Amino acid sequence: MKAVLTDERFSDPEWIFERKLDGIRCVAIRDGGATRMLSRNDLSLNGRYPLIADALDGQSRGRFAVDGEVVSASGKFQDHSGPFYFYVFDVQWLDGEDVRGLPLRERKALLRDALRWDDPLRLTEYRNEAGEAMFAEACSSGWEGVIAKRADSVYTDKRSRDWLKFKCEHGQEMVVGGFTPPKGSRVEFGALLVGVYEGSKLHYAGKVGTGFDRAELERLAGLMRPLERSDAPFYDAPRFRDVTWIEPSLVAQCGFAEWTNDGRLRHPRYLGLREDKDPLKVVREEAP
DNA sequence: TTCCGACAGTGGGGTCGCAAT
DNA sequence: ATTGCGACCCCACTATCGGAA
């Protein structure tokens, strides 16, 4: 089951709300013997998270299939040092019985009693109705967002509007300092190379390669072509092959999930050009 | 008719392992 | 030993098409 990103923010007694966890999706299946931990791509995760696999194998219940997220203790996806917890939020099978057709609240009740909830296994908390309060809390806590689930929904493997994603959004202006070439059917360019000023120096903050339609690709290419120059405007850009540098005079509004530890944008996207902004005044905006 | 869901194809950061240098 | 690359994990978005509404 995958959630659909939405701009809606609502509270509703027919819905339940969970913290959006920033980790690796995992379905754990046990049919009598050892538990198999499977990634979204059906690859085994047992070797990567042996303590979680051991905890699942140590359960007295011999047959179950549960769905959850493996999260590092720091709560940060980039942190791969562990320790790791398995936050379980749904159950598909229990004692050989397919429970996917039961309403979500009933599955939640079954899940609560299905396993022994000692670390590193954790039952994912959820809240009834109060989606807006949950969302505000999530963003002020530095979480990624909230997952809203229709309380009577059945479990399906398809993406469904019964699961919605409220993401805590970040966005700011970025200076455009270059672009990469297009591939395949893409026209004009692949991604913009963007940055922000640190004092008088322009810091490289990563690439933005999505958010433009064909017309916008062509419009931006036309604006960038006269600005080409031979050297990088960034003081700290990595070495690239096949990059075209430009004078840092265009400002793009960008949305992104967060800043990475290396000062790059995570999950970046282009939102539009800011004609009114002085590039020299574009700096990193700190989280409130 | 319009809208929605699913798919393919483009693009990103980060990690890991393996092959080429 | 270092570098490059693909295959994974996380994703956002555009374009397209067929079926549901």
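Residues numbered from 1 in each chain as written. Chains lettered and ligands numbered in written order. Predicted model: local features only at pLDDT ≥ 70, side-chain atom pairs only at ≥ 80, totals over all residues. Heavy atoms only, no water.

Once that is clear, we can look at the protein's contact with DNA strand B. Neighbouring residues of DNA strand B: 19 residues in total, closest R161, K183, S185, K207 and T260. Here DNA strand B approaches the protein such that, of its atoms within 4 Å, sugar and phosphate make up 94%. In this structure, a phosphate oxygen belonging to DNA strand B sits 2.9 Å away from a main-chain N or O atom of K183. Those elements that place two or more of their residues in the surface near DNA strand B are strand 11 (159-167) and strand 14 (201-208). Residues belonging to the surface near DNA strand B are distributed by class as follows: four nonpolar, eight polar and seven charged. (Near = heavy atom within 4 Å. Polar contact = N/O pair within 3.5 Å; in protein donor to acceptor, adjacent residues only side chain to side chain. Helix = DSSP H or I, 4+ residues; strand = E, 2+ residues; numbered from the N terminus. Nonpolar A, V, L, I, M, F, W, Y, C, P; charged D, E, K, R; others polar.)

Our next topic: the state of the cysteines. Considering all chains together, one arrives at one disulfide under this definition. In this model, C139 is linked to C168 through a disulfide, with the two sulfur atoms separated by 2.1 Å. On the S-S bond that ties C139 to C168, the torsion sits near -90 degrees, and the link is left-handed. Residue C139 is found in helix 3 (residues 131-140), and its partner C168 is found in the loop between strand 11 and strand 12 (170-179); the two are separated by 29 residues along the sequence. Accessibility expressed as a relative area gives 31% for C139, which makes it partly exposed. Residue classification places C168 among the buried positions, given a relative accessible area of 8%. (Disulfide = S-S within 2.5 Å. Buried < 20%, exposed > 50% of the residue type's maximum accessible area, 1.4 Å probe, protein only.)

The next point concerns helix 1 (residues 50-57). The complete set of buried residues in helix 1 reads I52, A53, A55 and L56. Looking down the long axis of helix 1, one finds its buried residues gathered within 160 degrees of arc, a one-sided arrangement. Looking at the packing, one finds that the buried side of helix 1 touches strand 3 (24-31), strand 4 (36-38), strand 5 (63-72), strand 6 (84-94) and strand 8 (121-123). (Arc of directions from axis to C-beta. Contact = heavy atoms within 4.5 Å.)

A separate point is the nonpolar core. In terms of nonpolar packing, the biggest core is built from 33 residues, with M174, V176, F189, L192, L220, M224 and Y270 touching the most fellow members. Elements supplying a minimum of two residues to this core: strand 12, strand 13 (192-198), strand 14, helix 4 (214-224), strand 16 (244-256) and strand 19 (269-273). Here the element with the most residues in this core is strand 16; it accounts for seven residues. When near neighbours in sequence (up to four residues on either side) are disregarded, L220 contacts F189, L192, F212, Y270 and L273. (Core = buried A, V, L, I, M, F, W, Y, C linked by side-chain atoms within 4.5 Å.)

Looking now at the confidence of the model for chain A. Parts of the model with low pLDDT should not have their predicted coordinates read in detail. Taken over all residues, the pLDDT of chain A has a mean of 91, while the share at 70 or more is 96%. Per-element confidence in chain A is highest for strand 8, whose mean pLDDT is 96, and lowest for strand 1 (residues 2-5), whose mean pLDDT is 82. (pLDDT = per-residue confidence, 0-100.)

Across the junction of D119 and P120, the peptide omega takes the value 10 degrees, indicating a cis bond. Even without a glycine there, the phi angle at E129 is positive, about 70 degrees. Summarising the element assignment, E129 is placed in strand 9 (residues 127-129). Even without a glycine there, the phi angle at E188 is positive, about 75 degrees. Residue position: E188 is located in the loop between strand 12 and strand 13.

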